[in-house]
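Chain residues, written in single-letter form:
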Amino acid sequence: MPRYNPKEVEPKWRAAWAEAGAFRAETGSPKPKYYVMEMFPYPSGRLHVGHARNYAMGDVVARFKRARGFNVLHPMGWDAFGLPAENAAAERGVDPSDWTHSNIDVMRQELQRLGVSIDWSREFATCDPGYYGKQQAWFLRLWKKGLVYRREGLVNWDPVDMTVLANEQVIDGRGWRSDAIVERKKLMQWSMRITDYADELLEGLKTLDRWPDKVRLMQENWIGRSKGLRMTFPFAGEALDGEPGVSVYTTRPDTLYGASFVALSPDHPLTERLAAADPRVAAFVEECRKGGTSEAEIETAEKLGFDTGLKVVHPFDRDWKIPVWVGNFVLMDYGTGAIFGCPAHDQRDLDFARKYGLGVTPVVLPPGEDAGAFQVGTEAYVGPGRIYNSSFMDGMEIEPAKSAAIARIEEMGLGQGATVYRLRDWGIARQRGWGCPIPVVHCGKCGVVGVPESELPVALPTGMDFSRPGNALARHPTWKHTACPDCDGPAERETDTLDTFVDSSWYFARYPNADAGEPIDKVAADYWLPVDQYIGGIEHAVLHLLYARFVTKALRDEGMLSIDEPFAGLFTQGMVTHETYRRQNGEWVDPSEIEITTEGATRRARLKATGEPVTIGDIEKMSKSKRNVVAPADMADTYGVDAARLCVLSDSPPERDVQWTSAGVEGAWRLVNRVWAEFDAEPVIEPPDPAREAELRKATHRAIKAVTDAIEGWRFNSAIARLHSFVGVVRRYPEGGAARREALSALARLIAPFAPHLAEECWQRLDEPGMVAATAWPVYDPTLAEDDERVLPVQINGKRRGEIRAGAGASEAEVEKIVLDDPEIARRLEGLSIRRVIVVKDRIVNIVAA
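Residues numbered from 1 in each chain as written. Predicted model: local features only at pLDDT ≥ 70, side-chain atom pairs only at ≥ 80, totals over all residues. Heavy atoms only, no water.

With that settled, consider the sheet that holds strand β8 (residues 225-234). Read across the sheet, 3 strands follow the order β9-β8-β16 without closing on themselves; strand pairing throughout is antiparallel. Because the sheet does not close on itself, it has two edges, and the strands there are β9 (245-250) and β16 (415-421). For this sheet, the mean angle separating the axes of adjacent strands, direction not counted, is 30 degrees. Judged from the 7 bridges that link them, β8 and β16 form a sheet pairing that is antiparallel. For R230, the partnering residue across the bridge sits in β16 and is Q416. (Pairing = 2+ DSSP bridges. Helix = DSSP H or I, 4+ residues; strand = E, 2+ residues; numbered from the N terminus. Axes fitted to C-alpha atoms, helices over the stretch in contact; angles between N-to-C directions.)

This is how it looks when you write it as structure tokens:
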């Protein structure tokens, strides 16, 4: 029997698919539509295993749905603007466009080699003028509508990348790409009014029942709707610069009688006025701005304050004077930029009060506590209870007390109940050259003027100089000089470019017709959208996904889309991780350059070329920056593409992280050859045994049901495990009857989403018509698929490593034999000595090995 040869088989079938146009989607087909897409990649170079796992998952779904009779759209494009291309231009002296398109060519070839069933006729890159010119068109329409605006304000400034960052791009006080400590500074900034859609974005989450709960919760928390009281504490004495007092927002008006200070943000307008008059305030503000900008970092930082000497009057007691401080923990972009502090019932306020010797008066009495004895020590009390020490609110529960306090403040004319959001408007301008130009000009006579749509795209120039930090577009000698569209006088183009998250906020709506004259082909979009299944990383739970939801709603209101939500279903895949390695000088080292040796329980690493010792570091997400990536092309060169696909899909549930090991691809290669052996074997010519035929038919229909259910439930590893066991069953029935042919026909189709090239070769070996890619999914007979077997997960030392099937009620000895005969479990046990096999009848098997 000839060995399966992927180097011959796989290119043959990729060429056949391309010639047949097997994966081209047809807008308006009478078949039910299914739109599946993965988050498009940044074209940084070769694919790594993490990419392969992501796109293989999407391909399983696309191929499965196509076989189930759906008209499938499975597109691909490139998130092509951004800083890496500028860095490459600076470091290598290359044009960012050339670098980007060169990488696209490499990655496209690698994706095509993976056999991913993509409709390449719809491909585009966000750096193509044909794409970003349409983006400029809808940008101008939203600007005219008032959803885009420009004004001076405080921004997050990345001093390394030298650009503005949105709040969502500041991670623990650092730039999301550079890891530099972010600074706060004032700039003119373009923004989108995402806050206009805060309520709809929040309510829309309730409709996304095929999104992970975790993602919906993250967005809900980021939007952060809260109900409370907006009120003014009057100044004690005369109004200050015309201001009657300090306006605060609080979600706990029930604790007003526990107030001991009012605190202003370092960026509050009143603070700025004080700083202009007092160098000590100015110095304190400058010190605050050196700290982190994220809520998480501000929350954990040491609480610092400056006593302004000002005092305000408590609204319920004119004789009660409260000091006004500036606090480094108060955010200007939440509420009013000022708070009242109730130390007894807020940990942040308590830390501040203890540090500066301010009063701590408890006003919420915990259940069962004595009012005369209860005290607050180092931890604020934030639980339930009744209000006390609070005059007219004494004895009330917390919620009724909130209502009573709000009503009293409203009666006094000092404030009113309010709903406030944590969400801030989206800062969309970036001071970078390699991005979508903002299509406006600045005219001394006419002000800021939009470029007419007939003159779009406003294209980037050639010859930008990226050798120095900062905005290469602003430095270009001629590009920004132009004429005003209104008065034809001299004007300058806007040199800020759009955040790359704008580019990805609508690309899914361009795929339905990537050549449309309008930004969005309404007919095609109405047919295909929303995306039925979107696949990508959890790291985009707030950034990309929230922006895409907002832009969808904004374009809907502009009449360009008909949907409320862009992605009906979302799956967030786990990351592929790998050890990291470093030389003695701190340089990261590629795994292919390392040789690992084991001495007892100690693992050591050395450079293959020189023998230099290398430090084995943490297991981390595969990253080009840390060089701990493994390329699927390297696996494919040795074992073939299908083995690489099976490997990345079989090792763990798709939502979980998985640590990469080379052993997995070897096991996948064995499965490929076991499958091929059944199709390439000469049939045993014997008279059919009706009993054995019936047994094999039942096994076949059970396998069809199990694999179908597993794919629909996103249990790809379970589906592959089921295929492992089904191949073993088929092997036990070598006689060439109708039942075996039915089993082989089903096997070829069942394995096609995972190993499509192998499936096509097996299909051809059966002499079946056409290609598997255009063949219907096998259908099981429910009466034959009734299962008198149990699927038992198999753990090795407490970690799930596979599953087996055994008859209901099978004895421990029977189950143990099935487990130890299973090739996948055998692979997992290589090099280990079995100490004990523990069988819990009809439930689970655990192998203890060392």
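Moving on, we get to helix α2 (residues 49-67). Taking 1.5 Å per residue, 19 residues should reach 27 Å; α2 reaches 26 Å between its end C-alpha atoms and fits that length. Of the residues one or two after α2, G69 is the one with positive phi, at around 95 degrees. (Expected span 1.5 Å × (residues − 1).)

The description of an aromatic ring pair rests on the distance of the ring centres and on the angle between the ring planes. Inspection of the entire model under this criterion finds 39 aromatic pairs. Among the aromatic side chains, those forming a connected cluster through ring pairs are F40, F124, Y131, W138, W506, Y507, F508, Y511, Y534 and F567. R63 extends its terminal NZ or CZ atom over the ring of W17, reaching a point 4.6 Å from the ring centre. Its guanidinium or amino end placed over the ring of W479, R493 lies 5.7 Å from that ring's centre, counting from NZ or CZ. (Phe/Tyr/Trp six-rings, centres within 6.5 Å; stacked < 30°, edge-to-face > 60°. Lys NZ or Arg CZ within 6 Å of the ring centre and 35° of its normal.)

Another aspect to go through is the side chain of T336. Mapped onto the fold, T336 is located in the loop between β12 (317-327) and β13 (338-341). Taking relative accessible area as the criterion, T336 reaches 13% and is therefore assigned buried. From its side chain, T336 meets the backbone oxygen of A338 in a polar contact 3.3 Å long. Once residues within four sequence positions are removed from consideration, T336 is found in contact with R230, S247, V248, Y249 and H268. (Buried < 20%, exposed > 50% of the residue type's maximum accessible area, 1.4 Å probe, protein only. Polar contact = N/O pair within 3.5 Å; in protein donor to acceptor, adjacent residues only side chain to side chain. Contact = heavy atoms within 4.5 Å.)

The next thing to look at is unusual backbone geometry. Between L456 and the following residue, P457, the backbone shows a cis peptide bond with an omega angle of 5 degrees. Take P457: it is sitting in the loop between β21 (447-450) and α13 (472-475). Positive phi values are uncommon outside glycine, yet D179 reaches one of about 70 degrees. Take D179: it is sitting in the loop between β6 (174-175) and β7 (183-192). Residue D179 is classed as partly exposed on the basis of its relative accessible area, which comes to 49%. The phi dihedral of S391 is positive, around 55 degrees, even though this residue is not glycine. Structurally, S391 can be placed in the loop between β15 (386-387) and α12 (398-412).

Shape is all these values report; function is a separate question.
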